[in-house]
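# Close look at the chain arrangement
Below, each chain spelled out in residue letters.
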Amino acid sequence: MLRIGLTGGIGSGKSTVLQMLAGLGAAVIDADAISRATTAPGGAAIAAISERFGPQFIAADGGLDRDRMRAHAYADPQARKQLEQIVHPLVGLESARQAEAARAAGSRCLVLDIPLLVESGRWRSQVDRVLVVDCSEDTQVARVVARSALAPEQVRAIIAAQAPRLQRLAAADLVICNEGLSLAQLNTEVAQAARTFGL
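If you're wondering where the values come from, they're calculated on a predicted model, not measured in any experiment. The residue count restarts for each chain, going from 1 along the sequence in the order it is written. Only residues with pLDDT of at least 70 get local features here, since the model is predicted, and only at 80 or more are side-chain atom pairs given and counted; chain-wide, interface and lining totals rely on the full set of residues. Derived side-chain values reflect all non-hydrogen atoms in the structure, with water molecules and hydrogen atoms excluded from consideration.

## Considering the overall build of the protein
Runs of E in the DSSP output that reach at least two residues are strands. Runs of H or I that reach at least four are helices, and both are numbered from the N terminus. Within the protein, the secondary structure is distributed over 10 helices and five strands. Over its C-alpha atoms, taken along the principal directions, the protein stretches across nearly 50 × 40 × 30 Å. For each residue, the accessible area found with a 1.4 Å probe, counting protein chains only, is set against the maximum for its type, and the residue is called buried under 20%, exposed over 50%, and partly exposed in between. Buried positions account for 40% of the 199 residues belonging to the protein. Contacts between residues were defined by any pair of non-hydrogen atoms, one from each residue, lying within 4.5 Å. Sequence-distant contacts in the protein: of pairs separated by 6 or more residues, those separated by 24 or more amount to 71%. For every accessible area listed, the method is Shrake-Rupley and the probe measures 1.4 Å; residues are considered covered only by the protein chains on display. Only carbon and sulfur atoms are counted for the fraction: they give 53% of the accessible area of the protein, which is about 10000 Å². For the protein, the centre of its 21 positive side-chain charges and the centre of its 20 negative side-chain charges are spaced 4 Å apart. Positive charges are assigned to Lys and Arg, negative charges to Asp and Glu, while His and the chain termini are left out of the count. To locate a charge, the coordinates of NZ of Lys, CZ of Arg, CG of Asp or CD of Glu are taken.

What follows is the structure, given as structure tokens:
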């Protein structure tokens, strides 16, 4: 089973590309969705987060108070590291479980959507190829502002906390440039990439 690591900066269109690859027959693992599940009410990371950061970081519904944690983590890089030390091993375990299920089901291609593939350092050895979805920073900012309540400067702060664009591109085995493309054009690009993966 070929294992593809899919990554890209916020607003690059990575999630759309993941959906398209799934539509072409790839088994997919969304590390972001797994991460969110660990910090949702009743999630596997909640007790450790409450212990490490204090109960004020747990919302009334029992899940992580994302806004409070986001502000804290961007203000204090050490806090982000501590949060990652809690969440990342849990994401790794569940990703491995889902990968084994895909292998048992006979999937030929598994796509792991890993936002921090380049940053974490530990994922590269677990995938056969890295596919990067790329676009300019201005495009990233415009897309995220359009879909969320974040201000442009907040989006730029998130981008600054992610791996630099050139570092992501340097790690890529294949790049999809999602700049000025319609959904149909992006679909064509994804289909071409998928053929190289045997889909």
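## With respect to the pairing of strand β1 (residues 2-7)
Counting buried positions over the six residues of β1 gives six, a clear majority of the element. Side-chain alternation along β1 places L2, I4 and L6 on one buried face and R3, G5 and T7 on a second face that is also buried. Two strands pair when backbone bridges link them, and β1 and strand β3 (residues 109-113) are joined in this way by five bridges, in the parallel orientation. Looking at β3, one finds that R3 is bridged to L110. Paired strands, in this sense, are two strands between which DSSP finds at least two bridges. Note that β1 and strand β4 (residues 129-134) share four bridges and pair parallel. Residue pairing for β4: I4 is matched across the bridge by R129.

## Brief notes about the sheet that holds strand β5 (residues 174-177)
Strand order in the open sheet formed by five strands is β2-β3-β1-β4-β5, with parallel pairing between adjacent strands. Here the strands that pair on one side only, and so sit at the sheet edges, are β2 (27-30) and β5. Direction aside, the axes of adjacent strands within the sheet are offset by 20 degrees on average. Across four bridges, β2 lies against β3 in parallel orientation. Residue pairing in the sheet places I29 in a bridge with L112 of β3. Lines fitted to C-alpha atoms define the axes here, with helix axes fitted over just the stretch in contact, and angles between the N-to-C directions of these axes take values from 0 to 180 degrees. In the packing of helix α10 (residues 183-196) onto the sheet, the strands contacted are β4 and β5, and the crossing angle to β5 comes to about 170 degrees.

## Points about the nonpolar core
What is meant by a nonpolar core is a set of buried Ala, Val, Leu, Ile, Met, Phe, Trp, Tyr and Cys residues, joined one to another through side-chain atoms within 4.5 Å. Among the nonpolar cores identified, the biggest contains 30 residues, and I49, F53, M69, L110 and L112 are the most heavily contacted of them. Elements supplying a minimum of two residues to this core: β2, α2 (31-38), α3 (46-53), α5 (77-104), β3, α6 (117-120) and β4. Counting residues per element, this core draws most heavily on α5, at seven residues. Look past the residues within four positions of M69 in its chain and what remains in contact with it is I49, F53, F57, L64 and L83. Residues L6, V17, V111 and F197 belong to the second largest nonpolar core, which totals 18 residues.

## Comments concerning the pattern of salt bridges
When a carboxyl oxygen of Asp or Glu lies within 4 Å of a side-chain nitrogen of Lys or Arg, that pair is called a salt bridge. For the structure on display, the rule yields 11 salt bridges. Taking the shortest distance from any N to any O, the salt bridge between R97 and E94 comes out at 2.7 Å. One end of the pair is R97 and the other is E94, both in helix α5 and three residues apart, which spans about a single turn. Among the ionic pairs, E100 bridges to R103, the shortest N-O distance being 3.5 Å. A residue pair is termed a helical-turn pair when its members lie 3 or 4 positions apart in one helix, as E100 and R103 do in helix α5 at three residues. On the accessibility criterion, R103 (41% relative accessible area) is partly exposed.

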